[in-house]
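For reference, the chains in residue letters:
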Amino acid sequence: MSFFDRKKKDNDDNNYSDLNNPSYPNAQPDQNNFDQAQNQYNDAQAGMGTQFTPNDQNFNNANNDNNNGNDYFFGPNQPQFGQPDPQQGPAQPQQQGPQDQAPQMGDNGGEQWQYTEQDLQSTLDQSADLKAQLRSQLLADRSYCNHVLRNTNSDQVDDRQQATDRINDINKSLKEWFGTDEMANEIYLDENRDYYIFTDDVAANPDADTSKMWQQLTMTLSDKGLLANAISVTYNDQVDQTWLNYQNAGFVDGNAFLMNMYNELQGRNLNTPVTPAEIPFDADYRVQHVSDKVDKILDADDKLVMEVSRTANHQLQIIRHYKDNSLLSRDIFDVNGVISATQFYDHRNANKVVRENFYRQDGTLVLIKSYTANEPYIQLFSEGNVLISTFDSDEELIVWWLKNQALRQSEATIFVSINSEYYKKLLTLRDNGFEVVPIVMKQSENADIVSDLIEGKDKVSAVLAGSDQVNTYLNKNAKNKLDITTLKEIDAPVYKE
């Protein structure tokens, strides 16, 4: 079913004069509120701005031109001043006493022009309200059409053409009634979609700008009755605790969840019983205590075999393996004390990792990253140790995981900062029906990416702006039309762990 079938829109969408047509979506709360091109607010209840005043010459002319016996506001049964009632016969003059005699101003009486003026003012007021309503409906519909274009891939020709045709008709009506179609829509937010905030990693100690971005996003969506979950793609054993800290600090909604790619691939969120790892220990080994958290394991010849690091609660954290005092590998244990990954080092260079193995909670191999030229960069394995796929970059793995696992059964919108290392690659998800919306907190950041956005190189049609200043900058300089929503401004305290 197409987007337009789901919205129950029919083929007479061009009839914008039918303001009660249910095929038009109602404007969302707080949407289409600020017109960057006009630099004024469009909320009809708060005043229409100068172009909506009764003294609008264009509007007065339109009323005068159309008043040819087809008056919208006065039906045929509306009594007209100075006209006889056919059921009562000719109008009879009223008898007045001497004290009630009024100056004679002509056959129609002295008060007729006052009534006519009041009726005209009422007509203009109603017309201004209708004009504001029409503007809101047109912009809301254009936002929806842009939403369709962002969520249909190139082979959905009919849906894309229908959306494009409707945008052209909407722009034509905007120009006819308001003199311009240069009005920035807000982003259409569909309550039936899933919303995600993509982040490379969840920093344990985010800077002020990062924490503010999380809070602004959370508050903006909350005001519209929506909630966004989060996606992170960096290996981070402490990510779950950090997310809990974010919730406690008010950065994110307490009901929002976080999906970390490595946690998901390694099955850490399956709540299955696990057995903590034990240190491999030979009979002739001896332990040398270095500190409360570090022990060295020596062999019978007092040569270093292992260095064991533990957490504050004495749980295994890292085991470094040595041979002839050279670092061979490093085992990394997760928060459950289960081996999570092993890094192998170049025997000629202890600072160079040549390979990384990642394991599931049950100990099976799930992922290999190779840093040598004669092997694929990434190999992904099934639980039965069967190779699923290979990838030439982290970006390819991330996109594969999002499409085939994380968001496989979801109609999702992904908000991603233009500062993300993976921003450009994530834009390819649009060909699979996902909506990708960049976040621009400051127009001065990441100049190359912002330049591509403004020039239309990435075919981005919707942006979240960190402030009204960013909104104005993008709306003024963008060479293609953008839907822009300004994030709710808040005073964000700096978060400290």
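Residues numbered from 1 in each chain as written. Predicted model: local features only at pLDDT ≥ 70, side-chain atom pairs only at ≥ 80, totals over all residues. Heavy atoms only, no water.

**Description of the sheet that holds strand 17 (residues 435-440)**
Here we have seven strands laid out as an open sheet, ordered 5-4-3-16-17-18-19, and parallel in their pairing. The sheet is open, and its two borders are formed by strand 5 (258-260) and strand 19 (483-486), each paired with just one other strand. Across the sheet, the mean angle separating the axes of adjacent strands is 25° when strand polarity is ignored. In terms of strand pairing, strand 18 (residues 462-465) meets strand 19 through four bridges, oriented parallel. Residue pairing across strands places Val463 opposite Ile484, the latter belonging to strand 19. (Pairing = 2+ DSSP bridges. Helix = DSSP H or I, 4+ residues; strand = E, 2+ residues; numbered from the N terminus. Axes fitted to C-alpha atoms, helices over the stretch in contact; angles between N-to-C directions.)

**Focus: the pairing of strand 12 (residues 349-359)**
Here six bridges tie strand 11 (residues 339-346) to strand 12, and the two strands are oriented antiparallel to one another. The residue bridging Tyr345 from the neighbouring strand is Val353, located in strand 12. By the bridge criterion, five bridges tie strand 12 to strand 13 (residues 365-370) in an arrangement that is antiparallel. Looking at strand 13, one finds that Tyr359 is bridged to Leu365. Hairpin connection from strand 12 to strand 13: five residues lie between these consecutive antiparallel strands, with Gly363 at a positive phi of about 95°.

**Digging into the confidence of the model for the protein chain**
On average, the protein chain scores 80 in pLDDT, and the residues at 70 or more come to 76%. Between residues 8-103, whose pLDDT stays under 50, and residues either more than four places distant or in other chains, the model counts 125 contacts. (pLDDT = per-residue confidence, 0-100. Contact = heavy atoms within 4.5 Å.)

**Brief notes about the pattern of salt bridges**
As enumerated under the stated definition, the model contains 17 salt bridges in all. In this structure, Arg166 and Asp141 form a salt bridge, with 2.4 Å as the shortest nitrogen-oxygen distance. Separated by 25 residues along the polypeptide, Arg166 in helix 4 (residues 157-178) and Asp141 in helix 3 (residues 112-150) bring together distant segments of the chain. Accessibility expressed as a relative area gives 3% for Arg166, which makes it buried. (Salt bridge = Lys/Arg side-chain N within 4 Å of Asp/Glu carboxyl O. Buried < 20%, exposed > 50% of the residue type's maximum accessible area, 1.4 Å probe, protein only.)

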